[in-house]
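A look at the structure
Now for the letters of each chain:
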Amino acid sequence: MAEKRLDEATGQHTTGHSYDGIEELNTPLPRWWLWCFYITILWGVIYTIAYPAWPLISGATAGVLGYSTRAEVAADIEAHEAKNAALVAELVAADLPALAPGSDLHRYAIARGSSVFKAQCSQCHGSEAAGAKGYPNLNDDGWLWGGSMEDIVYSVRHGIRNDTDDDARWSEMPAFGEMLEPEEIEAVVAYVEALPSGGTEGLGATVYEDNCSSCHGEESLGDREQGAPNLTDAIWLYGGDTDTITETVTNSRFGVMPAWGQRLSEEDVRSVSVYVHSRGGGE
Amino acid sequence: MSDTSQPLYAAREPVFPRRVKGTFRTLKWWIMIVTLAIYYLTPWIRWDRGPNLPDQAVLVDLAGRRFYFFWIEIWPHEFYFVAGLLIMAGFGLFLFTSALGRVWCGYACPQTVWTDLYILVERWIEGDRNARVRLWKERWSFRKARLRLTKWTIWLLIGLATGGAWVFYFADAPTLLRDLVTLNAAAVAYSTIFILTATTFIFGGFMREQICVYMCPWPRIQAAMMDNDTLTVAYREWRGEPRGKHRKKEGAEKLGDCIDCMACVNVCPVGIDIRKGQQLECITCALCIDACDDIMAKIGKPRGLIDYLALSDEPLERAGQKGKPTWKHVFRTRTVLYTVLWALFGLAMVFALFIRPEIDMTVSPVRNPTFVTLSDGSIRNTYDIRLKNKHGEDRLFELAAHGHPAYDIGLEGVGGQLVNVPSNETRLVRVYVTVPADTAPAGADRTDLRFWVTDIANNERADQNTTFNGKGN
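Residues numbered from 1 in each chain as written. Chains lettered and ligands numbered in written order. Predicted model: local features only at pLDDT ≥ 70, side-chain atom pairs only at ≥ 80, totals over all residues. Heavy atoms only, no water.

**Points about the overall build of chain A**
Threshold: Segments assigned H or I by DSSP are reported as helices when at least four residues long, segments assigned E as strands when at least two residues long, and all are numbered from the N terminus. Type-normalised accessible area, obtained with a 1.4 Å probe on protein chains alone, sets the label of each residue: buried when under 20%, exposed when over 50%, and partly exposed for intermediate values. Throughout, a residue-residue contact means that at least one pair of heavy atoms, one from each residue, lies within 4.5 Å. The charged-residue count follows a simple rule in which Lys and Arg add positive charge and Asp and Glu add negative charge, with His and chain termini not counted at all. Where a charge lies is defined by one atom per residue type, namely NZ (Lys), CZ (Arg), CG (Asp) and CD (Glu).
Counting secondary structure elements, chain A contains nine helices and three strands. When the elements of chain A are put in sequence order from the N terminus, they spell out β-β-β-α-α-α-α-α-α-α-α-α. Referenced to the eigenvectors of the C-alpha coordinate spread, the extents of chain A come out at roughly 115 × 55 × 40 Å. Counting only residues that meet the buried cut, chain A has 36% of its 283 residues in that class. Taking as baseline every contact in chain A between residues at least 6 positions apart, the subset at least 24 positions apart corresponds to 52%. Each charge sign in chain A was given a centre, from 17 positive and 44 negative side chains, and these centres are 14 Å apart.

Dropping the structure here:
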């Protein structure tokens, strides 16, 4: 620290700070500026008393105004829910199949359903309902258990092959590896693969007739009562190549979906069903 | 602490600018009238846009996210127009600063214009410089209180009009005025008016030059843009010095033209002495030029002892030669370059404005999933199409998919190809394009697809290219 002195060239005092002989002039602030500093200090003190500020060992001082961002979010959500209450009531009471596309209620159901879908369904069905191996693509027009609004609501509410809901959709394909000879399986797979082009005669047809037709039907068009897929269409849940079909016939498949009626509110079940129905495949 | 310690602050030296008449003062009055008239009156200009759009010529509709400027309507996605205007404003300031120094500060800056107006009111109520200095030194009396209160009231009313005019740019002015008067307007309108009234009152009435000297970054930035050819207000020291009052005394013939009358100092709104050379505080308002010219005329000397001068002329004038003509100072590579850049941006924006499509369509292909196989094997792609209707009436659009005869187009949920877009709205529609299993686009990786959108009423058309994803994808 150097001496504070009067700088002759400028007529101003120095601050006493010296760096390698370079000194700093003390240029005083305007008075109002100084007062602004004092006011901001005062403001800061008041602020830390009024609002949450000082960190403590667990948590922080709450502030005398009792403000918290979390409470604000909660109030926001509550306000939104209050605003939507009328629509929600309407949705719960609505006759869903009669819902007109483009109506306010329909748009609300889709918007709400889209959020529910992303939070609850996208883990298996994908964020845009494109599905994956074993998880149906909900954008297409192939439906295992039916694609009408009522069918979709039922599937969502009760789920599929779960132990928690007595009304869950249920069916079980046998593992034919324990019942058929390998060459019989090979033949029936070849038969199934040829179905789109009319099928084949011989062993495959016989094995199909004896073992598969009771569920998948004489015409192989499937049976929605039992969730038996249509084997003639272009949609394959697990894959339509020889290896995959062989595996399906040998070991069977057992896709499970939870009963969302037990986990979601009625309006959420309904809105997510409307959303799924709107994806381009609803019947 | 040693005896050389100083206080932490410097009290403001009050400035009492004297009244002045002259060329630049007249110019400044006109600029003040025009700029204030533009500011106060613009929100009241009406402009018919059709039944569903606001009829205010200049309106920043924050809630609706629109900016209306006479026949131009800017949507948020066209914000680059605002960026372009800012760039043009930037180049404009570069141009003016390199040619004429702090001409913005001296003539057009709101701080200068409103301070000028406040000083006018002050002079009107309290008298000219000498009367104001006397009043300032006087002890408080009924007269002083009356004058001060009158002045502050008028200042407050001007501040109120300033804050009031600001909010009219953001809502329909007649409606908002009615709401404001009947106490029905939004709280944000009142708080904005309050803040702007307070800042106008304080900045124009009390802070004045302190804003420019201590708070505004612009003087510092401008200093970097000036050079030796920049015209700025300066004192011809070589002509004026040595200054002296007593013209009839012996030895007066040796004196310069400056008679040390202090006219230039007394009229200065920032309280400096221009004869000390260029100073940070100087806003180049040119009032000292007017004041000095007036004195020079009275004592029979040529005008221009204080004048717009370029530094590069100083050596010439000291040597007794004439400086370069003004146009040579102004017209030089830098200023030409700035003008060209400014004009290029302006032309580009005008061009962009004119080629803006009347129908605004954006197409985003839905890529999750890239395509959907339907049970009959046909392939379906999904597209999100946004249609904007900037007109005052509802419009009915027809969508069509071109590029392959097999493309079959349908709107999600409702089917068909017709979309009604309400006035001044954007409508998002989800569109399916489907092709049968045995067609080329179904098997290919990608096939070109072009969406056509046609306004049914007038057959105006726009198109957008995208692709169709097949199984090969």
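This is not the end of the story, as more comes after the structure.
**What about the domain arrangement of chain B?**
Residues and elements named next belong to chain B. What counts here: By convention here, the domain bounds are inherited from an automatic or database domain assignment. Using a 1.4 Å probe, buried area is obtained as the accessible area two parts lose upon being combined, added over both of them. We count a salt bridge whenever a side-chain nitrogen from Lys or Arg sits within 4 Å of a carboxyl oxygen from Asp or Glu. We call two N or O atoms a polar contact when they sit within 3.5 Å, provided that within protein one can donate a hydrogen and the other can accept it, with sequence-adjacent residues counted only if both atoms are side-chain atoms. All amino acids are sorted into three groups, where Ala, Val, Leu, Ile, Met, Phe, Trp, Tyr, Cys and Pro are nonpolar, Asp, Glu, Lys and Arg are charged, and the leftover types, Gly among them, are polar.
Its domain assignment divides chain B into domain 1 (23-223), domain 2 (232-331) and domain 3 (360-469). Facing the 17 residues of domain 1 at the interface are 15 residues of domain 2. With both chains or domains summed, domain 1 and domain 2 bury close to 1,500 Å², and 63% of this area falls on carbon and sulfur atoms. Joining domain 1 to domain 2, the criterion identifies zero salt bridges. Counting every contact that joins domain 1 to domain 2 gives nine residue pairs in polar contact (both at pLDDT 80 or more). Where the side of domain 1 that touches domain 2 is concerned, the elements lending two or more residues are helix 1 (23-41), helix 3 (103-108), helix 9 (209-215) and helix 10 (218-223). Residues of the side of domain 1 that touches domain 2, tallied by class, amount to eight nonpolar, three polar and six charged.

**Remarks on the domain arrangement of chain A**
Where interface size is quoted, it is often the accessible area lost as the parts come together. Residue and element names in this part refer to chain A. Partitioning chain A into domains gives domain 1 (1-67), domain 2 (71-166 + 263-277) and domain 3 (176-251). In this structure, domain 2 and domain 3 have C-alpha centres spaced 33 Å apart. Facing 13 residues of domain 2, the contacting portion of domain 3 comprises eleven residues. Regarding the contact of domain 2 and domain 3, the summed buried area is about 900 Å², with carbon and sulfur atoms giving 60% of it. Three residues stand out in domain 2 for area buried against domain 3, namely Lys133, Leu144 and Trp145, and they jointly supply 53% of the buried area on that side. Counting across the interface, domain 2 meets domain 3 through zero salt bridges. Linking domain 2 with domain 3 are two residue pairs in polar contact (both at pLDDT 80 or more), by the criterion used here. Residues belonging to the side of domain 2 that touches domain 3 are distributed by class as follows: six nonpolar, four polar and three charged.

**A closer look at the sheet that holds strand 4 (residues 72-74) of chain B**
All names here are of chain B. Filter applied, for reference: Should DSSP find at least two bridges between two strands, the strands are taken to pair. A fitted line through C-alpha atoms represents every axis, and for helices the fit uses only the stretch in contact; the resulting angles, taken between N-to-C directions, go from 0 to 180 degrees.
Taken in spatial order, the three strands make up an open sheet running 2-3-4, and their pairing is antiparallel. Each edge of the sheet is formed by a strand with only one pairing partner; in this case those strands are strand 2 (58-61) and strand 4. Direction aside, neighbouring strands of the sheet carry axes that sit 10° apart on average. Direction of pairing for strand 3 (residues 66-69) relative to strand 4: antiparallel, over a ladder of three bridges. Each residue of the ladder has a partner; that of Phe67, found in strand 4, is Ile74.

**Things to note about the pattern of salt bridges**
By the definition in use, this model includes 41 salt bridges over all chains. As a salt-bridge pair, A:Arg112 and A:Asp268 come within 2.7 Å of each other at their nearest N and O atoms. With A:Arg112 in helix 3 (residues 104-125) and A:Asp268 in helix 9 (residues 266-277), this pair connects stretches of sequence that are 156 residues apart. The salt bridge involving B:Glu122 is made with B:Lys151; its shortest N-O contact spans 3.0 Å. A residue pair is termed long-range when its members are at least 10 positions apart, and B:Glu122 in helix 4 (residues 110-126) and B:Lys151 in helix 6 (residues 142-168) qualify at 29 residues. Take B:Glu122 and B:Lys151: they sit in the same class, and that class is buried. When salt bridges that share partners are traced, they join B:Glu122, B:Glu126, B:Arg132, B:Arg148, B:Lys151 and B:Arg208 into one network.

**Topic: the interface of chain B and chain A**
Chain B puts 27 residues into the contact, and the matching count from chain A is 28 residues. The contact between chain B and chain A buries some 2,400 Å² in all, and 55% of this surface belongs to carbon and sulfur atoms. Put simply, chain B and chain A have zero salt bridges between them. Taken together, the connections running from chain B to chain A amount to nine residue pairs in polar contact (both at pLDDT 80 or more). Sorting the residues of the side of chain B that touches chain A by element identifies strand 1 (9-10), helix 9, strand 8 (372-373) and strand 13 (425-435) of chain B as the ones contributing at least two each.

**Some remarks on the packing of aromatic side chains**
For any pair of aromatic rings, geometry is given as the distance between the ring centres together with the angle between the planes. Here is the rule we go by: Only centres within 6.5 Å qualify two rings of Phe, Tyr or Trp (six-membered ring in Trp) as a pair; their planes then separate them into stacked at under 30 degrees, edge-to-face at over 60, and tilted for everything else. Definition used: whenever NZ (Lys) or CZ (Arg) falls within 6 Å of the ring centre and also within 35 degrees of the ring normal, the charge is taken to sit over that ring.
What the rule picks out here adds up to 33 aromatic pairs over all chains. Where A:Trp33 meets B:Tyr214, the ring centres are 6.3 Å apart and the plane angle is 75°; that geometry is what we call edge-to-face. One end of the pair, A:Trp33, is in helix 1 (residues 31-50); the other, B:Tyr214, is in helix 9, on a second chain. Looking at A:Trp33, the relative accessible area reads 26%, which means it is partly exposed. Taking 6.3 Å as the distance between ring centres and 75° as the angle between the ring planes, the aromatic pair formed by B:Tyr40 and B:Trp114 counts as edge-to-face. Placement of the pair is B:Tyr40 in helix 1 and B:Trp114 in helix 4, with a sequence separation of 74 residues. Of the aromatic side chains, those joined through ring pairs into one cluster are B:Trp47, B:Phe67, B:Phe69, B:Phe70 and B:Trp71. Sitting over the face of the ring of A:Trp260, A:Arg263 holds its NZ or CZ atom 5.0 Å from the ring centroid. In this structure, B:Arg380 packs its charged tip against the face of B:Tyr432, placed 4.3 Å from the ring centre.

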